[in-house]
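Residue-level listing of the chains:
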Amino acid sequence: MKKKQNPNLIKNEFMWEEPKKKTKLYKNWKLYAIALPVIAIAAGTGSGIYYGVNGHSKKVDLSTLHLNTQSIAGFEGMSKVDAFEMFLKNNENISNLETKVEVGDFSPPSYNSNGNLTIKAKANSGCKGEVAVMIDTFGQVNLNNLIKTNLIGFENMNQDDAFSEFLSNQNQNLSDLRESVTLDFSKPSYTGGGSLTITAKPNTKYTGEIKITITAIEQTALTGLDLNLEFNEVYTDQQVAFDTFLASNQEQYPDLSDNVQPGEFTPSNWGTAGSLIINATSEGKYQGNVTMKFARMAQTALSTLNTTTITGLEDMNQDDAFNAFLKNNEGIDDLGANVDLTLNKPTNTTPGSLTIKAKPNTKYTGEITIIITAIGQAVLTDLHLNLELSEAYTNQDDAFNAFLELNKNVVDLRGNVRPGEFVPSGYGVPGSLEIIATNDGKYVGMVKVVFGARQQKSLSTLVQTNLVGTKGMSQDDAFEAFLKNNPEVIDLKEYVLITFDEPDYDKEGSLTITAKPNTKYTGTIIIKISGVVRIDLNDLNELNKNIPGTKEISDSGNTELALTMFLDANKDQYPDLSGNVTVNSFSPPTTAKEGTLNIGGTNKYTGSIVVTFSKIPAPEKDQQIVDVISDPDKINFGATMGVNQKLQDFIDGVINGGEHSEEPHWYLKGQLLPYLEKFLVLKEIDYDKFKFLGLFFLDETTPLTDEYIKDNAKVDESIELRVKFSYGTIQEKFVNFSLSFKA
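The text that follows walks through the structure, step by step, so that each part is easy to find. (Residues numbered from 1 in each chain as written. Predicted model: local features only at pLDDT ≥ 70, side-chain atom pairs only at ≥ 80, totals over all residues. Heavy atoms only, no water.)

**Description of the overall build of the protein chain**
So, point 1. If you tally the helices and strands in the protein chain, you get 13 helices and 41 strands.
So, point 2. In summary, the protein chain has a C-alpha radius of gyration of 77 Å against a globular reference of 27 Å for 743 residues, an excess of more than 25%.
So, point 3. Oriented by its inertia axes, the alpha-carbon framework of the protein chain measures out at about 215 × 125 × 40 Å.
So, point 4. The proportion of buried residues among the 743 residues of the protein chain is 37%.
So, point 5. Carbon and sulfur atoms make up 47% of the accessible area of the protein chain, which amounts to about 42200 Å² in all.
So, point 6. The centroid of the 67 positive side-chain charges in the protein chain is displaced by 15 Å from the centroid of its 95 negative side-chain charges. (Helix = DSSP H or I, 4+ residues; strand = E, 2+ residues; numbered from the N terminus. Rg over C-alpha atoms; globule rule 2.2 N^0.38 Å. Buried < 20%, exposed > 50% of the residue type's maximum accessible area, 1.4 Å probe, protein only. Areas by Shrake-Rupley, 256 points an atom, 1.4 Å probe, with all protein chains shown as cover. Lys, Arg positive; Asp, Glu negative; His and termini not counted. Charge placed at Lys NZ, Arg CZ, Asp CG, Glu CD.)

**With respect to the environment of Gly115**
So, point 1. Inspection of the secondary structure puts Gly115 in strand β3 (residues 115-121).
So, point 2. The exposure class of Gly115 is buried, given its relative accessible area of 0%.
So, point 3. On a C-alpha basis, the gap between Gly115 and Asp555 in space is 178 Å, while along the polypeptide they are 440 residues apart.

**A word on helix α10 (residues 621-629)**
So, point 1. Among all positions of α10, only Asp622, Ile625, Val626, Val628 and Ile629 are buried. Buried positions in α10, seen along its axis, are confined to an arc of 160° and lie on one side of it.
So, point 2. Residues of α10 that are buried make contact with β38 (636-642), α12 (666-672), β40 (718-727) and β41 (730-742). (Arc of directions from axis to C-beta. Contact = heavy atoms within 4.5 Å.)

**Digging into the sheet that holds strand β29 (residues 509-515)**
So, point 1. With respect to topology, 3 strands assemble into an open sheet ordered β28-β29-β31, the strand pairing being antiparallel. This sheet does not close on itself; its edge strands, each paired only once, are β28 (496-501) and β31 (524-529). Between one strand axis and the next, the sheet turns through 15° on average, direction left out of account.
So, point 2. Lying over the sheet, helix α7 (residues 475-484) contacts β28, β29 and β31, oriented at roughly 70° with respect to β29. (Pairing = 2+ DSSP bridges. Axes fitted to C-alpha atoms, helices over the stretch in contact; angles between N-to-C directions.)

**Some points on the pattern of salt bridges**
So, point 1. A complete count under the given rule lists 20 salt bridges for this structure.
So, point 2. Linking Lys408 and Glu405 is a salt bridge whose minimum nitrogen-to-oxygen distance equals 3.2 Å.
So, point 3. Residue Lys408 is classed as exposed on the basis of its relative accessible area, which comes to 56%.
So, point 4. Note on Glu405: relative accessible area 48%, which makes it partly exposed. (Salt bridge = Lys/Arg side-chain N within 4 Å of Asp/Glu carboxyl O.)

**Here's the deal with the sheet that holds strand β12 (residues 260-266)**
So, point 1. Pairing within the open sheet is antiparallel, and its 3 strands lie in the order β12-β13-β15. Here the strands that pair on one side only, and so sit at the sheet edges, are β12 and β15 (289-294). Between one strand axis and the next, the sheet turns by 25° as a mean value, whatever way the strands run.
So, point 2. Relative to strand β13 (residues 274-280), β12 runs antiparallel, the two sharing 5 bridges.

**With respect to the nonpolar core**
General note: in soluble globular proteins, nonpolar side chains tend to be found buried as a group.
So, point 1. Among the nonpolar cores identified, the biggest contains 41 residues, and Phe650, Leu682, Leu695 and Phe737 are the most heavily contacted of them.
So, point 2. The contacts of Phe737, once residues within four sequence positions are left out, are Phe637, Gly638, Ala639, Phe650, Ile655, Tyr667, Leu695, Ile719, Glu720, Leu721 and Val723.
So, point 3. Listed in part, the 22 residues of the second largest apolar core include Ile72, Phe75, Val101 and Val133. (Core = buried A, V, L, I, M, F, W, Y, C linked by side-chain atoms within 4.5 Å.)

**As for helix α9 (residues 559-569)**
So, point 1. Regarding α9, the residues found buried are Ala562, Leu563, Met565, Phe566 and Leu567.
So, point 2. Close packing links the buried residues of α9 with β33 (546-547), α8 (551-556), β34 (581-587), β35 (595-601) and β37 (608-613).
So, point 3. The N-capping residue of α9, defined by a side-chain oxygen 2.9 Å from the backbone nitrogen of Glu560, is Asn558. (Polar contact = N/O pair within 3.5 Å; in protein donor to acceptor, adjacent residues only side chain to side chain.)

**So, the environment of Ile535**
So, point 1. Here Ile535 shows up in strand β32 (residues 535-536).
So, point 2. Given the relative accessible area of 31%, Ile535 is considered partly exposed.
So, point 3. Expressed as a C-alpha distance, the spacing of Ile535 and Leu577, which sit 42 residues apart in the sequence, is 11 Å.

Take a look at the structure:
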C-alpha cells in the first residue's frame, strides 16, 4: 500500500501577487487620509493583515488578498487537515493566515476525480468571504513498477499461494490490490517454471500488468532418500524386481511409484549378484537414480561330481569323452552349456584327459580333470599281412604305397606304420622294405616286404655298326658315335666300362663296351673303327692356289716365306693345312714371269698341287716418289718456329702453307727444290697428293705437343723429329725433320 504523503513535503509554489499598479501620490492630505487604511492593508501582505483606522473596523474580503488558490496535489487518504496545511504552505508569505481563515467545505480527491477545498474567513478575524481551491486527482499505481522478484515454486502451488507470495515481496501496503486486478496463473512443475500474470481492472486504482516468474519445483535426489536398496532374494525378471523395490519403500514414500521407473537390469546370475537401476521419471518429483542390488544364484562345485577314469577309444573325440563322463554323473544334462572342455586325446601308448572348466557366472564353478586310459597296440606280425610284391621297385615311397594298397583291407594301416630300411630292386637282385609300426600308433613291431628284381638288357641286342675313324678321335668321340646308332640307350655310359683303341692313318681302332655287374645291362660288345682316311689336296675345291707376287718374295726367293704366304691365304678355309703339307719345289716370280710353289700332302693329306705367284709389277711413280722422300739418307726437311708460338699455328701457317695462301704448297716445294736435280722422279710429284699427318719424335709414335715445346724449347736450338705423311694411296710414311726455335 502506498504510504500517506506528508503535505508539508509537497510544495506547490504559488507566489503572492503584488499589485501591479503603482500607488498614486496624493497631495491632498485628506485624500491621503482616506486611502491610508487601504494602503495599510496592502502593506500588511508582508507582515500580516492590518485593519482598523482611528478605532473604526472594516472587514477585508479574502478575494482581495491575492491568495494563492492554485490547485494542490491530492493523494490517497487525503484529509481536510492535509488539504488546509497544503493551502497554508502555498501562502506562507502571508503571516498569521491560519488565525484568520478556516476550512469550509472539503471533498477528498480520488484516482479519477478532483477534490475541493473551501477556505472561509473566521468570525471576528477582520476578514470576510471565502475562496475555493481545487485538489488534483492522484495518479493510478502502475503494476509494472512493483517489485518483480521471482517466486519459488513448490508442490501443489495454486493461484492464491502465488499471489500471497507476490504481496509478501512488496514494500508497500497492497491490501486492496486483489479486488482491482485479474490473475492468470501457470502452475510450475518439476521440470519447468510457471508464472503469475496480474492485470489491473479498468477504472481502478491500478493500471498496467505485471508478470511474475515462478521457478520450477525443486526435485529431490533419489540418493537423498532413505530407500531400501539391498535385497537377499534372487531376481531374474525386471518387473518383479521393480515391484519388490516399490513395495519395500511404499510406506515411507507412497508417491514413489508415480515418479520412478526401472532402468538397466542385471538379473541374478550364477556367482554374480543382480542389480536394477531405478531412474527418476523425467518430469517427476525426483531426480537421478539409485541402484537396487540383490543376491546371486547358488553354484555347484564341479569337484563334487564323479571323476571316475574313462576308458580310451580309438579316434575318441571330445564329445565321446564328455558323454562317457555324463554316464557317470546322471542328472546334470545342463552341464555342457555351462562349461568349457579341453580334450587331451589318448594314444595307443599314452593316456589322455578331459578337462572340464566351469564358464564364468554359470551354474557351476571350479575345474576338474578326468583321466582317459591309453587305447593299446596290436602286433604287426599278428595281422596276416601280404608281404610279397611281384613288381620291382627302386623308389621307397612307391614300394611303401604298393604294400599299403596290397593290404588295404587293414584300413587303419596307413598312419600307423612307416617305411624303414629300403633295399631297391637291383638288376637281377630282388629288393625289400621294412614296415615299422609308428611309436604311438595302433600297432607295434616290424615286418619285411620283398619285391622282384629289375630286368637287364643284353648289350648284344644293340646296333653294332662299324664306326668311321678320324684323326685324333677320342674315346668319348667313339662312344658318342656309337650312341647315335642307339639313341634309346642314352643312359648306357653310367652302367658300362669302356676300352678304346684309337684309329690312325692306315690303322683300324675299336671300342669295347662291357656292362658293369648288377646293372641295367649285361654282356660285352666290340665295335670296329675304320682307319683314318687321307684327303687328296686336289679335292680341296676352295683352296686358293693363286697368290699375288711381291718384290720381297721375288728378291729373296725364300721358300718358307712362299709357304707362309700360301698358308695365310687359306687359313680361314683350311686352318689344318699347317703341319700337313710340305714344299716340293719353289720358283720365285719376277717382273717377267709368274712363280710356282709345288706343295705335297703329308699326314692328313695326300697328293700334290702347284700354287702360282703372279708377276712383280714395275714400281709406280707414287711409290718411287715416297721411297725417295722417306729415305733418311736422301731427304731431310726443316723449319723454324717461335719458342712462344702455338704448335698448331706453326703447322697451319708453315707446313700447310697458310702464310702464303696464294701458293699453299710453298713449303713443300721449297723443301724439295734442292733435291729435284738429284732425284728426277721428284719433278713428277703431284703436290696435291701430299698430306701432312703430324710431327712425331724419332720413335714415330709420340706426338710433339705445346707442353713439350713450352718446357724444352730454347732460342737458337733445334730438335730432330719425324714428319708423318701420306702420298696418294700410300699411308703413314715418315721423313726426317729438324725443328729450330727463335725468339
